[in-house]
Amino acid sequence: MNPLSRFFSGLRARGGVHPDGRKGLSAEPPIRILPMPERLYVPLQQHVGACARLSVLVGDKLLKGQLIGASGGNISAPVHAPTSGRVVAIGEFPSPHPSGLPGATVTIEPDGDDRCIEAVVPNDPFDLSPEEIATRVGAAGIVGLGGATFPSAVKLKLSRKSGISTLIVNGGECEPYLTCDDRLMRERASGIVEGIRLIAYAAGAREMLVGIEDNKPEAIAAMRLAAAGSEVQIKVVPAMYPMGWDKQMIQVLTGREVPAEGRSAEIGVLVHNVATAWAVYQAIRFGRPLVSRVVTVSGAAVVAPGNLEVPIGALAADLIAASGGLLTQPQRLVLGGPMMGTQLPHLNVPMVKGSSGLLALTGKEIGLPQPAPCIRCSNCVRACPVGLLPLEMAAHIRAADLSAAVGFGLKDCIGCGSCSYVCPAHIPLVHFFNYARGELAAQEKGKLRTEATRKLADSREERMQRIAREREEAARQRAARKAAADAAKKAAAMEAARLAATENQEELV
Amino acid sequence: MFIAIFSLTLLGGALGLFLGYAARRLAVEGNPLVEEIQAILPGSQCGQCGFPGCAGAAQALANHEAPVTLCPPGGREVVALLAAKLGVEVNLTEVADTVPQVAEVLEDLCIGCTRCYKACPTDAILGAAKQIHAVFREACTACGKCVEVCPTEATRLIPVPVTLQSWYWSKPSLQGATA
Amino acid sequence: MTMLAHAPHAHAPMTVGQIMATVMLALVPATLYGFWLYGWPAILLWSVAMATALLAEAGTLLLQGRAAKATLLDGSAALTAWLLALSLPPFAPWWVAAIGSIFAIVIAKQVFGGLGQNVFNPAMAARVMLLISFPVEMTLWAAPTPMFSGHAPGFLQSLAITFGGAHWDGMASASLLGHVKTEFTRGIDLVSSLPAHFASVHGGLQDAAWGRRAGSLGETGGLLLLAGGVFLIVRGIITWHAPVAMLLGVAAPALLAHAVDPAHYLGVLPHLLSGGLMLAAFFIVTDPVTSPNTPAGMFVFGLLCGGLTWVIRSWGGYPEGVAFAVMFLNALTPIIDRYVKPRIYGRDRKGQSLQIEAKGSVK
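Residues numbered from 1 in each chain as written. Chains lettered and ligands numbered in written order. Predicted model: local features only at pLDDT ≥ 70, side-chain atom pairs only at ≥ 80, totals over all residues. Heavy atoms only, no water.

> Residue-level account of the overall build of chain C, with values.
For chain C, the count of helices and strands is 18 helices and 2 strands. The buried share of chain C, reckoned over its 363 residues, is 56%. In chain C, once contacts between residues fewer than 6 apart in sequence are set aside, the share between residues at least 24 apart is 74%. Here chain C displays about 14,900 Å² of accessible surface, and carbon together with sulfur accounts for 70% of that area. (Helix = DSSP H or I, 4+ residues; strand = E, 2+ residues; numbered from the N terminus. Buried < 20%, exposed > 50% of the residue type's maximum accessible area, 1.4 Å probe, protein only. Contact = heavy atoms within 4.5 Å. Areas by Shrake-Rupley, 256 points an atom, 1.4 Å probe, with all protein chains shown as cover.)

Below, the structure written as structure tokens:
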């Protein structure tokens, strides 16, 4: 990319930071296959949306690719067995989540044969209808592998409905350390290109653009070679964080801007990650569901950083062991990239579909700074790719004024962490924002709950009153009947008395 | 100097008259506040605030005779709404210390007497005579009436358990940055 | 369960202390040049301002029961004192610097809540306070008497000047802006007053650019301050917006007015190189705490500040207007911040979500 075009496409990008890439640590060794671990711990919730519904029992024999959790709703994804073996436990197991809370997990003991389930695949996948491809993508459990883990089939169907023109494949990989997409593009470019064509066919896109950051020349060359002669165009974008944010990529490549309250499909663009394209290729061409992914193992505390193709459910400890172990006790274990990844409490956490990296970082790499007062240097304002005022938002959240933070655009925050990264006072800005968003969501939920319980209380109150009223009514009627009966009796008695009296009179007369 | 005194007096007088006029002209008639406050309160009439039901509490709030933090079942959301409605400053982080609670029936102790579900103002307890009762967490306001009536101490209030779905980041503390 | 850390797990290598240190580094050339021009009294005055500021900062922090060490080490108090010292007449008595420093730290900064909370730039607030309270001491400028030259005051003499209130021969000299203002009040226009001024000091405008004329430390090393500012922009500590806008804000009206009436309005260069303009443009209006948040806001801020400076210089009662202009604009900063905000991605300037006009195109 020449400096001039770099400058101009840089103009389209907003905000952003330039963290130390540290990709050299893991970029050179080829992808290795992780030796099959002794146990696999496959969580049922590995995606955005409803949890998958368990479809196996303890003791079941499984084949690789067999369904263990069916899609749990409209926005959900199924989960498949990563290898052949036996279900040895179903229960709670630590999940790769910042809360450290456990999640429903199927534990599988591999039998070592790695036998696959039979799959029916067409000779030419383009014989399939676009709807059929989307259905198969959904059945293969494919989710956005860039980290968002949104079910891919949902995106495909939505795009078809809104009629998109452009498919953008995101090869940005702007997170430092991570090289899994880079390696994938270098080694498996032709499969990715075919996957891209399949996605475009399923979504009805005519234009296919692959955006790759200019710090990955080998990947660019490999992808250009593989894409030669096809409609897939390889576009080079300047390296900066967060270039991998889909809306940033859309803006840089097409100049279009996605409305804040809309989806990219509304401006005719669909974005998928390169690893997702590879998974689609595997699923449609060979009928292989998503049961493994490439994970970057890196960080200064790792003996031999590199990329591993790991079955879903392998523990972080297995990956570290396969990378030569640890040089020193890491200061922090991170799942994903250093900018947006989550800290792991320990190494007994399974890899899931969205796990792009496993980092064992030393204290020197993360730095453990003490927060200082904000000096309003507004580095965060210039770094924010969305155009927010992080310093103002954080100040209001600190003062428990969440609605003011919303007024500054809290809900548009993408949580990329650029502001926290540049802050010279080391204020955990993005932490404030995620706290505030969680708090607001909880408040919203609480409000709905209060409304619902009030309705319950009101209807109970009404019911109680109605019952009381009915009882009263019944009592009154009973009383009235009794009174009527009494009156009748009285009247009868008087009549009798009167008759008797007249009789007497008559007698007298 | 006389000019200065004169002009300031004139200015003050004019502004005072204007304010007086505005206070009369723009005065709010009646007090719709009580009803608005009542709409915010949970309506479970639990009486934990010490007032006779939510209507009584709303009246007291409107008269500024009760703090906006009076309603334990309402939690932080209700405090925030009340504070906004009444224009009161309140430190929500302190209110947060009272964790939201929910009722729970201990199955070992429940004798199926049905007293708790008869007492529940939101129909949040399911059960029948001689059957173990259970709590619908979503409908429970943690008013505690079931706890009062249970003859075997089988109902109690517990903090709402945190799940993967309900968890969110806690507020960061800035030890160093006290400014 | 221990609390897990929130992302990001990497951090840009920059701290508040490093920012302050870099700014001070950028001030070093101009300051050393000023020291050479004005000799020991300037060095003594600078030292007094520094020491008092640090003591005042430590004292207020102790009173508040806060740890003083970390805050003292972040260098913000030292920088404030440094900037204040650069804006004082170099031969001013020690108590002017001391009172200024204490005012800057205690009243202008700590009372507002400490670093990051102050509304007004502490150095400028202190300078304005001193100018109003001690007009005699604050307008007694000395002609430059370079160190080691024959007529420079020796160290003992300097001690007497700074701490003993002794007078010095060269102290009757006026700064360029002061001279012009005084001559105006006597009914003498620029055409006759300017040559007289330059004759009374050393030379022409070339000498003025190099600061060889009466003025504060920060006034004399104009070009060195410019160099320091460029260094800060290159290092990414400040952006170009506020400085360029401020210089533009002074230069544009000066150019116009001088073209229309050269007898009453100074030209662009004397304006740019006089008074505290260079110091203010690169080191005062770029003060992050008291300036707007956005680059566009900084530009507006600088432009208004420059314009106001020119207005005060040209028509105001005081010969120099930078400090007043800065303080006025400091007060306007929240308003600028309110109206000049970055556009949020996917939203228009009013914060509404963008509308999709036709398929595939967004207005």
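> If you had to explain the domain arrangement of chain B to someone new, which residues and values would you point to?
Residue and element names in this part refer to chain B. Assigned domains of chain B: these are domain 1 (33–95) and domain 2 (101–159). For domain 1 versus domain 2, the distance between C-alpha centres works out to 25 Å. Contacts between the two partners involve 5 residues from domain 1, matched on the other side by 7 residues from domain 2. Buried area between domain 1 and domain 2, summed over both chains or domains, comes out near 410 Å², and the portion from carbon and sulfur atoms is 55%. Across the contact surface, domain 1 and domain 2 share 0 salt bridges. If you look at where domain 1 meets domain 2, you find 0 residue pairs in polar contact (both at pLDDT 80 or more). Split into classes, the residues belonging to the side of domain 1 that touches domain 2 amount to 2 nonpolar, 3 polar and no charged. (Domains from an automatic or database assignment. Buried area = accessible area lost by both parts, 1.4 Å probe. Salt bridge = Lys/Arg side-chain N within 4 Å of Asp/Glu carboxyl O. Polar contact = N/O pair within 3.5 Å; in protein donor to acceptor, adjacent residues only side chain to side chain. Nonpolar A, V, L, I, M, F, W, Y, C, P; charged D, E, K, R; others polar.)

> Hey, could you go over the interface of chain A and chain C for me, with residue numbers and the actual values?
Listed as interface residues are 61 residues of chain A and, on the opposing side, 40 residues of chain C. Both sides together, the interface formed by chain A and chain C hides about 4,300 Å², and carbon and sulfur atoms give 59% of it. Interface area lost by chain A to chain C is led by E257, I375 and R376 of chain A, which between them contribute 16%. Linking D337 of chain C and R376 of chain A is a salt bridge whose minimum nitrogen-to-oxygen distance equals 3.1 Å. Viewed at the interface, chain C and chain A are joined by 27 residue pairs in polar contact (both at pLDDT 80 or more). Listing elements by their share of the side of chain A that touches chain C, those giving two or more residues are α8 (246–254), β15 (332–335), β16 (342–344), α11 (363–366), α12 (379–383), α13 (390–398), α15 (418–422) and α16 (429–508) of chain A. Partitioned by chemical class, the residues of the side of chain A that touches chain C number 31 nonpolar, 18 polar and 12 charged.

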